[in-house]
Amino acid sequence: MDAGGRKPGGRPTREQAAAIDARILDGARAVFCRKGVANSGLEEIATELGVSKHTLYRRYPNKAALLEAVVGRDVARFRDALLSAAAGKGEGALGALRRAAFRYVEIGSSRDYAAFYLSVSAEAAVSPALRERLASWSRDALEPLVGFVSTAQEAGELRPGDPASVCGILIDLLEGVNNRIRLGDDGLGDDGAADALSLLRLFEERWAVFTAAFGSG
């Protein structure tokens, strides 16, 4: 029986195929994190996962396609996390934006998240094609936040302005939290987990700056 859990020569079930796909994406992401995108190859990923090169190449003909799939799954999960966080009750449209913004820093401050996207960014710096894709992935990931900014403006809870530009300034502030945590400047344990109180304090400091600049009051 091979790594996908099917009999030799047999056709995998839909569940088995989904499990193989998930395992490949998980493994590829781990290799990209550890070695960087530029230094990772499909054959190495197949060997590490214990799947045949045929299994991998049948799904992803090249590294760009595999990276696209890995990031696409991450973006979908990221968007879902922001939408779920914003769905909580209370504090109006601005409260929804705040909850989504805090979820952003919870995800973005983790070392696992940083390791992967810093490796992608490093290769994007010398690859115009990847740089263009990275910008597109970022726009897709942040679309919910832009929408929450727009809703808060329509509700009169934020000052008028281009929602994407306002969101960009918010992201700049939030990335300050992420960088502090990632670099171990404040409240990051050896296992890469941010101390909840430190993360909240850093977030609240920057949220106060954002609302002072863009709040309607």
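Residues numbered from 1 in each chain as written. Predicted model: local features only at pLDDT ≥ 70, side-chain atom pairs only at ≥ 80, totals over all residues. Heavy atoms only, no water.

**Considering the packing of aromatic side chains**
For any pair of aromatic rings, geometry is given as the distance between the ring centres together with the angle between the planes.
Next, step 1: Evaluation of the coordinates by the stated rule reveals nine aromatic pairs.
Next, step 2: Ring centres of Phe203 and Trp207 lie 6.0 Å apart, and the angle between their planes is 20°; this geometry places the pair in the stacked category. In this pair, Phe203 and Trp207 are both assigned in helix 9 (residues 196-214), four residues apart and thus about one turn of the helix distant. Across this residue pair, the class does not change: Phe203 and Trp207 are buried.
Next, step 3: Cluster of aromatic residues (ring-pair linked, three or more members): Phe32, Phe78, Tyr104, Tyr113, Phe116 and Tyr117. (Phe/Tyr/Trp six-rings, centres within 6.5 Å; stacked < 30°, edge-to-face > 60°. Helix = DSSP H or I, 4+ residues; strand = E, 2+ residues; numbered from the N terminus. Buried < 20%, exposed > 50% of the residue type's maximum accessible area, 1.4 Å probe, protein only.)

**Overview of the packing of helix 5 (residues 92-108) against helix 8 (residues 163-182)**
Next, step 1: Packing of helix 5 against helix 8 brings their axes to within 9 Å, and their N-to-C directions diverge by 35°. Like other packed secondary-structure pairs, helix 5 and helix 8 cross with a definite hand, here right-handed. Taken together, the residues of helix 8 that come into contact with helix 5 (itself represented by Leu97, Ala101, Tyr104, Val105 and Gly108) are Leu170, Ile171, Leu174, Glu175, Val177, Asn178 and Arg182.
Next, step 2: A per-class count over the contact of helix 5 with helix 8 returns eight nonpolar, two polar and two charged. (Axes fitted to C-alpha atoms, helices over the stretch in contact; angles between N-to-C directions. Left-handed = near helix turned anticlockwise from the far one by under 90°. Contact = heavy atoms within 4.5 Å. Nonpolar A, V, L, I, M, F, W, Y, C, P; charged D, E, K, R; others polar.)

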